Structures are given as C-alpha cells and as structure tokens.
Amino acid sequence: DAKTTQPPSMDCAEGRAANLPCNHSTISGNEYVYWYRQIHSQGPQYIIHGLKNNETNEMASLIITEDRKSSTLILPHATLRDTAVYYCIVRAASNTGKLIFGQGTTLQVKP
Amino acid sequence: GAGVSQSPSNKVTEKGKDVELRCDPISGHTALYWYRQSLGQGLEFLIYFQGNSAPDKSGLPSDRFSAERTGGSVSTLTIQRTQQEDSAVYLCASSPIPGGDIQYFGAGTRLSVL
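These numbers come from a predicted model, not from an experiment.

**Student:** Is there a simple way to explain the overall build of chain A in this structure?
**Tutor:** Helix and strand counts for chain A stand at zero helices and nine strands. Each helix and strand of chain A, ordered N terminal to C terminal, gives the series β-β-β-β-β-β-β-β-β. Its C-alpha atoms give chain A a radius of gyration of 13 Å, near enough to 13 Å, the size a compact globule of 111 residues would have. Counting across all 111 residues of chain A, residues that qualify as buried make up 43%. Put simply, chain A shows about 5800 Å² of open surface, and 49% of that area lies on carbon and sulfur atoms.

Okay, here's the thing in structure tokens:
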C-alpha cells in the first residue's frame, strides 16, 4: 500500500472550512484514498473514500488531484465536535481489508 | 441500530495474569478486525476474521495473543501472561463485506497491566 504524508497538526476556526491535505505520491492505479477520523476516547470513524473522482457525502468532500498524488479532505463548516485526529489511508482492495494507520493530522477547531 | 460493542470498557490486571476482551460486531457483519492502539505507537492491526476463520493473523505480536470467533458473531481476544507493554486500547471493528475497507469501530477496551 502507498505511503501517505500528512501534517501533524492543524487549527481551524469554528464555522470555517477545514482543508486537510494528504500526500500519496507513490499511489498505484488500483489504490483508493480513504479518510477516517478518531475523536478523543472513541474508535476511528469512516468519513469518505475515492479513487480518482471527487466525492462528497454528508460529512465531507474529498478532492483528489488529477495525477492522484495528493488529496484534500474538506469539512465545509467545521464545528468543535470535528476536533479529532484525521487519518488518510491509501490501499488497494484486498482479501483481508486490514487498515494501516499512519500518525494522522490532529485538527483542533477553535471557537 | 446497535454499533460494535466491546467489553469491558476498562480492564486493570496484574502482570502475569490472563485477560479476555470481547467484541460484539454489528449484526450481519461477516468481517471482524482487532487493532491495538498504544501511546505513541498509533493504531496497529492484529487479526482479521472472515466468518469464524482468521485468514490474516499477521499482526498478533506474540504467541501470548490469540483470538477466536464463534457463530460468525462474537469474538474474544485473549492475552496470556500479560506484560506491561500489553497496556493499550484494544479496538474491534466489523464490516459487512469480506475484506471491506469501510470498517465500523467500537469504542475499545482500555487495558492497563500493573
């Protein structure tokens, strides 16, 4: 699975958009980009995933560059409850589906 | 509906004792995963179940660790002769399809070995 690079921490003002970058320059053509987040004292929570097209759901939007070497998770109107560690994971479909988590980005949403 | 349930939520044990951690996956989910999250170590994969069989046990750190799943549902992770380095949060996740990359996690069991 491709390696990812994320900034260790970011701040965002409440009500503003939070844009979390992820670099995955060695991504292969069959690898998807997944985002999970982990709020303090909870288990990780799936947010969104994509292959090459931009994706949007009720939680967030995922923008993947045309060369697929990087992506951005966008939380359009961040709230205090969005404070969490955000993990970008790149992987191909597999028989086992195990997730390999990096260090992620700690997003602090401030009032 | 009910999510993934793990018990106990907290467990304190003495070094050398055995512990059992339980996971109740979401009903109907065939895939079940155990992960461990240690301070400063991040989330590590331990084992994957598809039904009652475990095709991937590659993350179990030693032979003191074992897991089983019965009836395609409940899973138990057992740690024998616990050591202080086993202290961590043990997380269980389930998925509705084999090898599913969209996984639903429980809140975890925090294990403290004194």
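On we go.
**Student:** Where do I start with the interface of chain A and chain B in this structure?
**Tutor:** Contact residues are listed per partner, giving 20 residues for chain A and 18 residues for chain B. Each partner contributes to the roughly 1500 Å² buried at the junction of chain A and chain B, and carbon and sulfur atoms together form 52% of this total. Lys98 of chain A is the partner of Asp56 of chain B in a salt bridge, and the nearest nitrogen-oxygen pair spans 3.5 Å. Where chain A packs against chain B, one counts eight residue pairs in polar contact (both at pLDDT 80 or more). Every element with two or more residues in the side of chain A that touches chain B is listed here: strand S3 (31-38), strand S4 (45-50) and strand S8 (84-92) of chain A. Of the residues in the side of chain A that touches chain B, the class split is nine nonpolar, nine polar and two charged.

**Student:** What exactly am I supposed to notice about the sheet that holds S8 of chain A here?
**Tutor:** Strands in a sheet are paired, the pairing made by backbone hydrogen bonds, and the direction either parallel or antiparallel. Residue and element names in this part refer to chain A. What the five strands build is an open sheet, ordered S1-S9-S8-S3-S4; its pairing is mixed. A single partner strand is all that each edge strand has here, and the edge strands are strand S1 (9-13) and S4. Across the sheet, the mean angle separating the axes of adjacent strands is 25° when strand polarity is ignored. Bridge analysis of S3 against S4 gives five bridges, and the strand direction is antiparallel. Its bridge partner lying in S4, Tyr34 is registered against His49.

**Student:** What is the right way to read the packing of aromatic side chains from this model?
**Tutor:** Working definition: an aromatic ring pair is given by the centre-to-centre distance plus the angle between the planes. Per the counting criterion, the structure on display carries eleven aromatic pairs over all chains. Here a set of aromatic residues connected by ring pairs shows up, and it is made of Tyr36, Tyr46, Tyr87 and Phe101 of chain A together with Tyr33, Tyr35, Phe45, Tyr48 and Phe105 of chain B.

Definitions and cut-offs
Residues numbered from 1 in each chain as written. Chains lettered and ligands numbered in written order. Predicted model: local features only at pLDDT ≥ 70, side-chain atom pairs only at ≥ 80, totals over all residues. Heavy atoms only, no water. Helix = DSSP H or I, 4+ residues; strand = E, 2+ residues; numbered from the N terminus. Rg over C-alpha atoms; globule rule 2.2 N^0.38 Å. Buried < 20%, exposed > 50% of the residue type's maximum accessible area, 1.4 Å probe, protein only. Areas by Shrake-Rupley, 256 points an atom, 1.4 Å probe, with all protein chains shown as cover. Contact = heavy atoms within 4.5 Å. Buried area = accessible area lost by both parts, 1.4 Å probe. Salt bridge = Lys/Arg side-chain N within 4 Å of Asp/Glu carboxyl O. Polar contact = N/O pair within 3.5 Å; in protein donor to acceptor, adjacent residues only side chain to side chain. Nonpolar A, V, L, I, M, F, W, Y, C, P; charged D, E, K, R; others polar. Pairing = 2+ DSSP bridges. Axes fitted to C-alpha atoms, helices over the stretch in contact; angles between N-to-C directions. Phe/Tyr/Trp six-rings, centres within 6.5 Å; stacked < 30°, edge-to-face > 60°.

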